[in-house]
Amino acid sequence: YNPSDDYNTGRGVWIPRTPWESLWHAVVQWVGITNESAINYVLPNAVNFGCNLYAEVDLFTDGTASLSGCGGSVVTLQQSFFVSEARVLIPDEQKAFCEQVVASVAPVEIRCFIQDQTLSEVPAGGSYEIVVNYEINFGPTVTNGEEVVTENIDTDSFRAEAASVLQMDGDVVIQQAEVVTVTSSPSDLPSLEPSESPTVLDICTIVTSAIFETLFPNPSALYTYSGFCSAVATWNLDYPDNQIFAAGDEFGLRNQLAAFFGNMLSDLFPTNSANGWADTIDFWTNFRGSTGTGTGKTCGEFVSDGSFGGTLQRINGELECPSSSYETGYFDAVVSRLNNYCNAATAFNVEALLAMDNCNLLLTTLETCTESTGDVTCTACQVWAGVTLPPSSSPSTSIEPSGEPSLNPSLSTMPSGQPSLSIRPSVAIEIASYYGHVLVGDGKCYGRVGGNHVFETSPYNYLEFQSALLSAASLCPRACAAYRTHNKYRGFEFESGKCRCLFDGGIDFSTVLSDHGGLPDSTLESNTAAGTVTKSIGSDLVRCYKKSQPEAPEAVDKFEYIGFGDCWDSSMATYNYIAFSAESNSAVQCGDACALSTFPQSKGFFTKQGTVCNCLFDADFEDASVQNNGGGGTGQVVSSNYVEGHCYRALPVPTNFPTKMPTPKPTPRPTKKPTSFPSSIPSSEPSSQPSSEPSSEPSSEPSLVPSASAQPSFEPSLIPSYSTNPTSEPSSEPSSQPSSEPSSQPSSEPSSIPSTMPSDVPSSVPSSEPSSEPSSQPSSEPSSEPSSEPSSEPSSEPSSEPSSEPSSEPSSE
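Residues numbered from 1 in each chain as written. Predicted model: local features only at pLDDT ≥ 70, side-chain atom pairs only at ≥ 80, totals over all residues. Heavy atoms only, no water.

Draft legend 1. Representation of the overall build of the protein within the structure. Along the backbone of the protein there are 17 helices and 21 strands. In the protein, which comprises 813 residues, the share counted as buried stands at 37%. Contacts spanning at least 24 positions in sequence make up 71% of the contacts within the protein whose residues lie at least 6 apart. Here the protein has roughly 49,200 Å² of accessible surface; of this, 53% comes from carbon and sulfur atoms. (Helix = DSSP H or I, 4+ residues; strand = E, 2+ residues; numbered from the N terminus. Buried < 20%, exposed > 50% of the residue type's maximum accessible area, 1.4 Å probe, protein only. Contact = heavy atoms within 4.5 Å. Areas by Shrake-Rupley, 256 points an atom, 1.4 Å probe, with all protein chains shown as cover.)

Laid out in structure tokens, this is it:
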């Protein structure tokens, strides 16, 4: 809090720096409005904020629309307006002025933003001067912003047009703009030389004063919080080639800090010198010792390789890492050190403890003191029991916590509902993308009722597994692994001690459990949500995660990533395998070892970085080098068990020639190019893409769907069309099948066959034969052929020709 801050009004009110338009700009793009003029219609004030707007790509994980006119040069200008009114530019005038600026440099895309204005009276002039500071932002392709401004804005015509848009009484005079500053966007290419003043991470953004005070409630004068922050910054500037807490991501740094402070709390560093933290840091980064396993590594290097045990070996050697038994007092010292380390790990919210390797008896001591109920216990470690990284047998330069408790893959094909190992008590919000689930938010998961109602939502049905050991969201994918392939599985809800596997409404859990196994503690089948999870609602004690496509930690050519854990077939059985050495310590190297060119029968591979590379085979595959793990897996890899490691499925090798028979189902991975060999059998379903050339073999049956082609066929169809839309042009040949409805356009020639339906209009050409029925309309001319029978009705007019025979009915008049 700073009372003199520009955004503090001094009356307990702060002026926000981010406008509502910033948020809504991204939302407007997300709903499909991306044209700039349309956006300005929806958000008429967005133009007032320059590049201080969010774009769709900033707020939405699948967003694509960006902010035009930003990312390149930025030119700040100062321009004076001489006016007769004692006021600054009102918002509409500011907007109109910026519109003139934008128009003046078109078609170059820019954004104009008025930063501030000042008003002063011109001495003895009866007028006022408004000094306007404004900013022009250019797109990323424009690097010569100042030149563009000089050519287009510093002109008499621009100033005249800009003055005309102001709603001022009297004349407005605008002076030439003065360029204040010119900046540009970051370079797309790295510099060729290192910076003389490199950026140094402020580690105290992670080591907060609150965490420090929790670990060191009463520090000595040599070991204060500010002293630590200053010592780290000074060390890293003085020794750029041997920095501390400067490499790795945040999770790795938290692991480093937990190990450092865990040892520091045990007060086994050389802390008696007047240099305090400086000597401690020097010991951590430089002391290499001369005895024990791992000779030559510093404490910092052991931690970077994932080993906490190595730090004990470096600090006190065999006193804390004895070959057979502890000397008097050192068992208690190791227990105290473990307690301190677990406290620090909890304070820094790490995902897992580092490995207890490189130090004899350390892992046994951890297990003993965790399970003990006597005086010598490490209670701070009880919540971490089993949560350690695997031994660092193949050191990595960075630490990627697994977040999983098990060190050996489970061979069980059914989820038990009771995880085998405990995990840390703190709640991890995000989980790794290879788990195949994405955090939606706090509260229960909700989806559309029936899967399609836009506004009405409901929670999901679930199978709930309960255990006091279920204390991290990363355990729930494992609890729900058996159901992931079910077409109604949607994700999970995590609550401390509970994992709920979510399903669509209408699910029959008795069938699910019969087919997929599992012993849930409770079930719910009365909810109606269906389809993808759309939102979360409720308390932050519950978190909602929706099912997603697992993302591979490493892409491997000719293999498809299936998910975290060992590979399962459709019956949730694991495969037999050939194990390769730990030298194949990356997924890519393991994929090369298990390539189908080497093992055509391979189903895929399972890998744990640095420790395991197993090429997978069917249970009935006979080969002396294949190890039988008893799993019984056969056929295609379908899913994974979410215990540890990563599963990849082998993609089939494409054939050189097409099959003679079409496949019963379309491939889920269509080719990008058409085949050079057409199929000899027509497909069972019509193509969604019409061919570019007409077929050499016409279909024997008419199409049920009218052609999308704009070109008529050269020959008439032998089979009448089923189309309900008549053609706009008459056919060149008469149809062999008359239509059931009369044509709206009569033909210009008489038909050779009389119509079964009389026309509403008399024919212009009389018939050569008399009609079988008398006409309801008398003809305008007498017939050239008299009738052989007298008329049944007298004529209305006398005949011009007397009859040759007397009438049988004399006239009454």
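Draft legend 2. Region of interest: unusual backbone geometry. Geometrically, the link from Ala-106 to Pro-107 is a cis peptide bond, its omega value of 10° lying close to zero. Residue position: Pro-107 is located in the loop between α4 (91-105) and β2 (110-121). Even without a glycine there, the phi angle at Asn-358 is positive, about 65°. For Asn-358, the location among the structural elements is in the loop between α13 (330-347) and α14 (362-371). Exposure remark for Asn-358: the relative accessible area of 25% places this residue in the partly exposed category. The phi dihedral of Lys-558 is positive, around 70°, even though this residue is not glycine. Owing to a relative accessible area of 60%, Lys-558 belongs among the exposed residues under this scheme.

Draft legend 3. Molecular detail of the packing of aromatic side chains. Under the counting rule described, the total for this entry stands at 39 aromatic pairs. When the centroid spacing of 5.2 Å and the interplanar angle of 90° are considered together, the rings of Phe-97 and Tyr-134 count as edge-to-face. Of this pair, Phe-97 sits in helix α4 while Tyr-134 sits in strand β3 (residues 128-138); the two residues are 37 residues apart in sequence, bridging distant segments of the chain. Residue classification places Tyr-134 among the buried positions, given a relative accessible area of 0%. Both rings, one in Phe-216 and one in Trp-277, keep their centres 6.4 Å apart while their planes meet at 80°; by these two values the pair is edge-to-face. Linking Phe-216 in the loop between α7 (209-215) and α8 (225-238) with Trp-277 in helix α10 (residues 277-286), this pair joins segments that are 61 residues apart in sequence. We note that Phe-216, like Trp-277, is buried. By the ring-pair criterion, three or more aromatic residues cluster together here, those being Phe-212, Phe-216, Tyr-223, Tyr-225, Phe-228, Phe-245, Phe-260, Phe-261, Trp-277, Trp-284 and Phe-348. Above the ring of Tyr-462, the side-chain terminus of Arg-500 is found at 5.7 Å from the ring centroid. (Phe/Tyr/Trp six-rings, centres within 6.5 Å; stacked < 30°, edge-to-face > 60°. Lys NZ or Arg CZ within 6 Å of the ring centre and 35° of its normal.)

Draft legend 4. Local environment of the state of the cysteines. Here the structure, examined in full by the defined rule, presents 11 disulfides. Two residues share a disulfide in this structure: Cys-98 and Cys-112, whose sulfurs sit 2.1 Å from each other. Torsion about the S-S bond of the Cys-98 and Cys-112 cystine: about -55°, corresponding to left-handed handedness. Of the two residues, Cys-98 is situated in helix α4 and Cys-112 in strand β2; the sequence distance between them amounts to 14 residues. For Cys-98, a relative accessible area of 7% corresponds to the buried category. Assessed through its relative accessible area of 4%, Cys-112 is described here as buried. In this model Cys-480 forms its disulfide with Cys-501; the gap between the sulfur atoms is 2.0 Å. (Disulfide = S-S within 2.5 Å.)

Draft legend 5. View of the pattern of salt bridges. Overall, the coordinates contain 15 salt bridges when judged by the stated rule. Ionic pairing is found between Glu-93 and Arg-87, a salt bridge with its closest N-O pair at 2.8 Å. With respect to class, Glu-93 is no different from Arg-87; both count as buried. Where Glu-493 meets Arg-500, a salt bridge forms, and the shortest distance between an N and an O atom there is 2.9 Å. For the pair Glu-493 and Arg-500, a shared accessibility class is recorded, and that class is buried. (Salt bridge = Lys/Arg side-chain N within 4 Å of Asp/Glu carboxyl O.)

Draft legend 6. How the structure looks around the sheet that holds strand β11 (residues 498-503). Taken in spatial order, the six strands make up an open sheet running β6-β14-β10-β11-β9-β12, and their pairing is antiparallel. Strand pairing shows two members of the sheet lacking a second neighbour, β6 (437-442) and β12 (522-524), which therefore form its edges. Pairwise comparison of adjacent strand axes, ignoring direction, gives a mean angle of 20° for this sheet. Of the pairings in the sheet, the one linking strand β10 (residues 489-495) to β11 comprises six bridges and is antiparallel in character. Across the sheet, Gly-491 pairs through a bridge with Leu-502, a residue of β11. (Pairing = 2+ DSSP bridges. Axes fitted to C-alpha atoms, helices over the stretch in contact; angles between N-to-C directions.)

Draft legend 7. Representation of the nonpolar core. Grouped together as the largest cluster of nonpolar side chains are 54 residues, with contacts concentrated most on Ile-203, Phe-228, Phe-261 and Phe-348. Of all the elements in the fold, those that place two or more residues in this core are α7, α8, α9 (250-265), α10, α11 (299-304), α12 (309-316), α13 and α14. In this structure, Phe-261 is in contact with Val-207, Phe-212, Leu-215, Phe-216, Phe-228, Trp-277, Ala-344 and Phe-348, ignoring residues within four places of it in sequence. Phe-503, Trp-568, Cys-590 and Val-626 belong to the second largest nonpolar core, which has 44 residues in total. (Core = buried A, V, L, I, M, F, W, Y, C linked by side-chain atoms within 4.5 Å.)

Draft legend 8. Representation of the packing of α9 against α10 within the structure. Across the interface, α9 lies against α10 with an axial gap of 12 Å and an inter-helix angle of 120°. When the axis of α9 is compared with that of α10, the two are oblique. For the crossing formed where α9 meets α10, the hand is right-handed. Two secondary-structure elements touch here, α9 through Ala-259, Phe-260, Phe-261, Asn-263 and Met-264 and α10 through Trp-277, Thr-280 and Trp-284. Counted by class, the contact of α9 with α10 contains six nonpolar, two polar and no charged residues. (Parallel < 35°, antiparallel > 145°, perpendicular 65-115°, else oblique. Left-handed = near helix turned anticlockwise from the far one by under 90°. Nonpolar A, V, L, I, M, F, W, Y, C, P; charged D, E, K, R; others polar.)

Draft legend 9. Focus on the pairing of strand β18 (residues 604-608). Where burial is concerned, most of β18 is hidden: five out of the five residues are buried. Both faces of β18 are covered, namely the face carrying Gly-604, Phe-606 and Lys-608 and the face carrying Phe-605 and Thr-607. Inspection of the sheet shows β18 paired to strand β19 (residues 612-617) by five bridges, in the antiparallel sense. Each bridged residue has a counterpart across the sheet, and for Thr-607 the counterpart in β19 is Cys-613. The sheet contact formed by β18 and strand β21 (residues 646-650) spans four bridges and is antiparallel. Each bridged residue has a counterpart across the sheet, and for Gly-604 the counterpart in β21 is Arg-649.

Draft legend 10. The side chain of Glu-129, seen in detail. Residue position: Glu-129 is located in strand β3. Although Glu-129 lies buried, it forms no salt bridge, and the closest oppositely charged side chain, Arg-159, sits 13 Å away as judged by the N-O distance. Within the structure, the side chain of Glu-129 is placed 2.7 Å from the side chain of Ser-80, a separation counted as a polar contact. Beyond its immediate chain neighbours, meaning those up to four positions away, Glu-129 contacts Ser-80, Phe-81, Phe-82, Thr-118, Leu-119, Ser-120 and Val-122. (Lys, Arg positive; Asp, Glu negative; His and termini not counted. Polar contact = N/O pair within 3.5 Å; in protein donor to acceptor, adjacent residues only side chain to side chain.)

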